[in-house]
Amino acid sequence: MSDSPVRTNPVRVDPVRIDAWLWAVRQFKTRSAATAACRAGHVRVNGERAKAAQPVRPGDEVRVRVDGFDRMLVVRQTLVKRVSATVAATAVDDRTPARPPREAVPTVPVRERGAGRPTKRERRDLDRLRGR
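Here's what I pulled together on the structure shown here. From a predicted model like this one, the values you see are computed outputs, not experimental measurements.

## Considerations on the sheet that holds strand 9 (residues 92–94)
Strand order in this open sheet of 5 strands is 4-3-6-7-9, and the pairing throughout is antiparallel. Each of the sheet's edge strands pairs with one partner strand only, and the pair in question is strand 4 (48–49) and strand 9.

## Details of the side chain of D60
Along the chain, the position of D60 falls in the loop between strand 5 (55–56) and strand 6 (61–66). Although D60 is buried, it forms no salt bridge, and the closest oppositely charged side chain is R57 at an N-O distance of 5.0 Å. Here the side chain of D60 touches R57 through a polar contact of 2.9 Å, landing on its backbone nitrogen. Excluding residues that lie within four positions of it along the chain, D60 makes contacts with V45, N46, P55, L73, V74 and V75.

## Observations concerning a positive patch on the surface
Residues R117, K120, R123 and R124 make up a contiguous surface patch of positive charge. Along the chain, K120 turns up in helix 4 (residues 120–130).

## Some details on the nonpolar core
The biggest cluster of nonpolar side chains holds 25 residues, and the ones touching the most others in it are I18, W21, L22, V43 and V62. For this core, the secondary structure elements donating two or more residues are helix 1 (18–24), helix 2 (31–39), strand 3 (43–45), strand 6 and strand 7 (69–75). Of all the elements, helix 1 adds the most residues to this core, at 5 residues. When sequence neighbours within four positions are dropped, the list of residues in contact with I18 reads C38, V43, V45, A50, K51, A52, Q54, V56 and V62.

Thresholds applied
- Every chain is numbered independently, its residues counted from 1 as its sequence is written.
- Reporting in this predicted model follows two pLDDT cut-offs: at least 70 for local features of residues, and 80 or more for side-chain atom pairs to be given and counted; totals over whole chains, interfaces and linings ignore these cut-offs and use all residues.
- In computing side-chain values, all of the structure's heavy atoms are included and hydrogens and water are not.
- The pairing criterion is simple: DSSP has to find at least two bridges between the two strands.
- Secondary structure elements follow DSSP: runs of H or I of four or more residues count as helices, runs of E of two or more count as strands, with numbering from the N terminus.
- Only protein chains enter the accessibility calculation, which uses a 1.4 Å probe; a residue is then buried when its area is under 20% of its type maximum, exposed when over 50%, and partly exposed in between.
- Counting rule for charge: Lys and Arg are taken as positive, Asp and Glu as negative, and neither His nor the chain ends is counted.
- By salt bridge we mean one thing: a side-chain nitrogen of Lys or Arg within 4 Å of a carboxyl oxygen of Asp or Glu.
- What qualifies as a polar contact is a pair of N or O atoms within 3.5 Å, subject to a donor-acceptor requirement within protein and to the restriction that residues adjacent in sequence count only when both atoms come from side chains.
- Contacts were defined at the residue level, with two residues in contact if any of their heavy atoms lie within 4.5 Å.
- Each patch is assembled from residues with relative accessible area greater than 30% and no salt bridge, linking like charges that lie within 9 Å and nonpolar side chains (Val, Leu, Ile, Met, Phe, Trp, Tyr) that lie within 5 Å.
- For the area figures, the Shrake-Rupley method with a 1.4 Å probe applies, and any residue is considered shielded solely by the protein chains shown.
- By convention, the point assigned to a charge is CZ for Arg, NZ for Lys, CD for Glu and CG for Asp.
- Put simply, buried Ala, Val, Leu, Ile, Met, Phe, Trp, Tyr and Cys residues joined by side-chain atoms within 4.5 Å make one nonpolar core.

Keep in mind these values describe shape, not function.
Written as structure tokens, this is what we have:
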């Protein structure tokens, strides 16, 4: 008889709660954050808004809204517990399209707080920079 604890396999074939699966495949840092995203309507399973307890199975399509963009994921394996990043990557098929490039925003000069009122020369420089 060995003294090592018995480890259960985190990979399952049965359906798993969507919030637990999103946390297990590292889409959210905490399970409560995944639950909050489900409550806010940021998670869809097969096109339908998902509640936190909705079960997912292999083959289901999951859309998660993160930072204003939708991530499209397909469930390969159902996981109950959080696993390493390499194992989590095998449980998800990420079909998210590439994000559009960010537009170049012109840099606006910022005065240091507490620098006082600008001098006449500094005001002229600012006006010239702003195109006035």
